[in-house]
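A look at the structure
Each chain, written out:
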Amino acid sequence: METIRDAVKRGIRLIDTARAYTRPGEESTAEALVARALRGASGPDALVATKGGHWREGDQFPVDGRPATLRAHCEASLRILDRDQIDLFYLHHVDPRVPLEESVAALSEMRRAGLIRHVGLSNVTVDQLDRASRVAKISAVQNRLSLGHPDGVEIAWDCARRGVVFMAYSPLGGAGAKPPQTVSGIAARIGVSTAQVQLAWLRVAAPGVVPIIGATRSATVLDSVRASELELSRADLAELARSVHHAKPLTE
Ligand SMILES: NC(=O)c1ccc[n+]([C@@H]2O[C@H](COP(=O)([O-])OP(=O)(O)OC[C@H]3O[C@@H](n4cnc5c(N)ncnc54)[C@H](OP(=O)(O)O)[C@@H]3O)[C@@H](O)[C@H]2O)c1
C-alpha cells in the first residue's frame with residue numbers, strides 16, 4: 001500500500017489493477033488494496049484502470065466475456081474501488097465462446113451509462129482490435145511487450161496509427177526475469193539500471209507506449225521513474241534492435 005502511495009507522490013498518474021490479480025488466500029482483493037491506498041494518498045488523483053471477464057480460482061483463470069458477466073464485474077469493481085466511474089475498464093481476455101463484438105458492445109453500453117470513462121482491450125490481436133473498433137471507440141490496448149517478448153510491437157504500431165493508447169504489460173519481462181545480455185552491457189556502460197534501459201527502449205519501440213510496471217517497492221518505482229529522462233543513443237538502439245528476435249523491424 002505504501003508503494004502505491006509513494007508512486008503517486010512521485011508523479012505516477014495511472015494505477016493498473018484487475019479482478020484477476022487477487023491471489024487465493026489474500027485478505028484483501030487487489031482492487032480493495034488500490035482503493036485503500038489511493039484514499040490515503042497525497043497529490044493529484046491517479047487514474048485507475050481495471051479489467052473484467054477474467055478472474056482467479058485457485059490455479060485456474062476462467063474467462064467469461066458474456067455481457068451480463070462483464071456488467072456484473074464492472075459494478076463489483078465500482079463498489080470495491082469506491083468510485084462513481086472507472087477511468088478505464090478493459091476486457092481482460094477475449095472469450096472464445098462469445099463473439100468479441102458482443103463483449104465490446106457491453107463495454108460500450110457501460111460507457112454510455114457513465115459507469116466507465118474509457119473502453120480498453122487486453123491480450124488482443126490486430127484483427128481483434130480492428131473488429132472491436134467497428135463496435136466501440138477503443139481507448140487503450142494492454143498487451144505484453146518487452147525486449148525479451150517483442151511480439152507486441154506490431155499491435156503497438158497499429159495502436160499508434162489509430163490513436164489508441166498502447167499499454168505494455170510486463171515491460172521488464174515479468175517478476176524474476178533476467179534482462180537480456182545486451183541490456184546489461186549497455187546499462188553497465190552508460191551507468192544506469194537495466195530496468196531503465198528496457199523502459200527507455202519501450203518509449204521508442206512504437207510511438208506513445210505506456211509501460212505498466214509491476215513494482216512492489218518504492219526503490220524500484222523511483223528507479224523506473226528515472227527512465228523517463230534516459231535517451232538511448234542511436235548506436236545503443238541499433239544494438240538492441242539487432243539483439244531482438246523478431247520477424248518484423250522494430251521501428252518504421
Ligand atoms: N493484462 C494482462 O493480462 C496482464 C498480465 C500481466 C501483467 N499485467 C500488468 O502489468 C504489470 C506489470 O507486469 P509484471 O509485474 O508481470 O512484470 P514487470 O513489470 O516486467 O516485472 C515486475 C518485476 O520487475 C521488478 N522491477 C520493477 N521495476 C524495477 C526496477 N526499476 N529495477 C529492477 N526491478 C524492477 C519488480 O520488482 P519489485 O517487486 O522488487 O519492485 C518485479 O519483480 C502488472 O502489475 C499488471 O498490472 C497485465
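Residues numbered from 1 in each chain as written. Predicted model: local features only at pLDDT ≥ 70, side-chain atom pairs only at ≥ 80, totals over all residues.

Secondary structure assignment for the protein chain yields ten helices and seven strands. Counting all 252 residues of the protein chain, 37% fall into the buried class. Counted over contacts in the protein chain with a minimum sequence separation of 6, partners at least 24 positions apart contribute 72%. (Helix = DSSP H or I, 4+ residues; strand = E, 2+ residues; numbered from the N terminus. Buried ≥ 20, exposed ≤ 12 C-beta atoms within 10 Å, placed from the backbone. Contact = placed C-beta atoms within 7 Å.)

A few words now on the pairing of strand β5 (residues 138-144). Burial analysis of β5 places five of its seven residues in the buried class, the great majority of the element. Sheet topology places strand β4 (residues 116-122) next to β5; four bridges connect them, and they run parallel. For S122, the partnering residue across the bridge sits in β5 and is Q142. Chirality of the crossover, the property in question, places the unit of β4, helix α5 (residues 126-133) and β5 among those that are right-handed. Here β5 pairs with strand β6 (residues 165-169) via five bridges, running parallel. Paired with N143 across the bridge in β6 is A168. (Pairing = 2+ DSSP bridges. Right-handed = clockwise from strand over helix to strand, strands pointing away.)

Around the ligand there are 22 residues in total, and L172, A195, G214, T216 and T220 lie nearest to it. For the shell around the ligand, the leading source of residues is helix α9 (residues 218-226), giving three residues. Here the residues of the shell around the ligand are counted per class, giving eight nonpolar, eleven polar and three charged. Summarising the domain contributions, the shell around the ligand has at least three residues from each of domain 1 (1-144) and domain 2 (169-252). (Near = placed C-beta within 6 Å. Nonpolar A, V, L, I, M, F, W, Y, C, P; charged D, E, K, R; others polar. Domains from an automatic or database assignment.)

What follows covers the sheet that holds β5. Pairing is parallel in the open sheet, where seven strands are placed in the order β1-β2-β3-β4-β5-β6-β7. Looking at strand neighbours, the two that pair on one side only are β1 (14-16) and β7 (210-212), the edges of this open sheet. Between one strand axis and the next, the sheet turns by 30° as a mean value, whatever way the strands run. One ladder, built from five bridges, connects strand β3 (residues 86-91) with β4; its direction is parallel. (Axes fitted to C-alpha atoms, helices over the stretch in contact; angles between N-to-C directions.)

Under the domain assignment, the protein chain is made up of domain 1 (1-144) and domain 2 (169-252). For domain 1 and domain 2, the distance between their C-alpha centres works out to 26 Å. The interface is formed by ten residues belonging to domain 1 together with ten residues belonging to domain 2. Elements represented by at least two residues in the side of domain 1 that touches domain 2 include exactly α1 (2-9) and β5. By residue number, the principal contributor to the side of domain 1 that touches domain 2 is α1, which donates four residues. The class makeup of the residues in the side of domain 1 that touches domain 2 is one nonpolar, four polar and five charged.

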